[in-house]
Amino acid sequence: MKKFFRKYGGIETKTGKLMYLSIRGDSKVPLKVEKTKSDNGVEYFVVVDEDYKIIEEVVLFLNWLEKKGMSVGTLETYSNDLKEFFSWLEIKEMKFYEVRKRDMLSWLDYLENNVGKGKPKSARTKNRYLSTIASFYRFYEGLGGWIESNPLTVKDNVKHNHYLNHPISRQFIDSSS
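To keep things clear, this report deals only with the structure shown in the data block. Remember, predicted model here, so these are calculated numbers, not experimental data.

**Observations concerning the packing of aromatic side chains**
Argument step 1. Taken as a whole, this structure holds 23 aromatic pairs when the rule is applied.
Argument step 2. Relative to W107, the ring of F85 lies with its centre 5.3 Å away and its plane at 85°, an arrangement referred to as edge-to-face. Taken together, the residues F85 in helix α3 (residues 72-92) and W107 in helix α4 (residues 104-114) connect sequence positions 22 residues apart. Pair check on accessibility: F85 and W107 agree, each one buried.
Argument step 3. Each ring, one from Y140 and one from W146, has its centre 5.0 Å from the other, and the planes form 65°; the classification is edge-to-face.
Argument step 4. Since its relative accessible area comes to 35%, W146 is described here as partly exposed.
Argument step 5. The aromatic ring of Y129 is capped on one face by R128, whose charged end is 4.7 Å from the ring centroid.

Structure follows, in structure tokens:
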């Protein structure tokens, strides 16, 4: 694992702890997903730029998913989806925590026209990408301090009752007869 991190932009501290170098601000598109194995045979996926610098934000999220017990296939899918999302962020010159709800229409347009072979995407495919991104933002919402709000959630402050409450007095009932 240490060889991988040295090759792909990680550094080892004096305590032996591996740290990731973020590419925010100085990266180039296109990004790509790399697969690696640790010394004990565990497979990992990382999103890297042309210089093999790791996108730290994605790695932290993928590590969390791996610790939750997600399958290798799920981790690979999430990696590919986030690679496309971060490619869009680079084109828009945005950081992930700057994305707002209104920006998601631009993301969907990018997804439709630039991801894959430019063929129309099914609703299922679009929803998978949106689900991945929503999970990514929920993770950072839970950490606190990274994002103000998840651009893919709608918070409804109105309390919905299953029935309407109308205060009625006994006097009103007797007088209406």
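**Structural notes on a nonpolar patch on the surface**
Argument step 1. A cluster of nonpolar side chains, Y97, L143 and W146, forms an exposed patch at the surface whose accessible area comes to about 280 Å².
Argument step 2. By the element assignment, L143 lies in helix α5 (residues 123-143).
Argument step 3. The class for L143 is partly exposed, based on a relative accessible area of 47%.

**Some remarks on the pattern of salt bridges**
Argument step 1. The final tally for this structure, using the stated rule, is four salt bridges.
Argument step 2. Between K126 and E112 there is a salt bridge, and its shortest N-O distance comes to 3.1 Å. With K126 in helix α5 and E112 in helix α4, this residue pair connects regions lying 14 residues apart in the sequence.
Argument step 3. Overall, E112 belongs to the buried group, its relative accessible area being 19%.

Calculation notes
Residues numbered from 1 in each chain as written. Predicted model: local features only at pLDDT ≥ 70, side-chain atom pairs only at ≥ 80, totals over all residues. Heavy atoms only, no water. Phe/Tyr/Trp six-rings, centres within 6.5 Å; stacked < 30°, edge-to-face > 60°. Helix = DSSP H or I, 4+ residues; strand = E, 2+ residues; numbered from the N terminus. Buried < 20%, exposed > 50% of the residue type's maximum accessible area, 1.4 Å probe, protein only. Lys NZ or Arg CZ within 6 Å of the ring centre and 35° of its normal. Patch = residues over 30% accessible without salt bridge, like charges linked within 9 Å, V, L, I, M, F, W, Y side chains within 5 Å. Areas by Shrake-Rupley, 256 points an atom, 1.4 Å probe, with all protein chains shown as cover. Salt bridge = Lys/Arg side-chain N within 4 Å of Asp/Glu carboxyl O.

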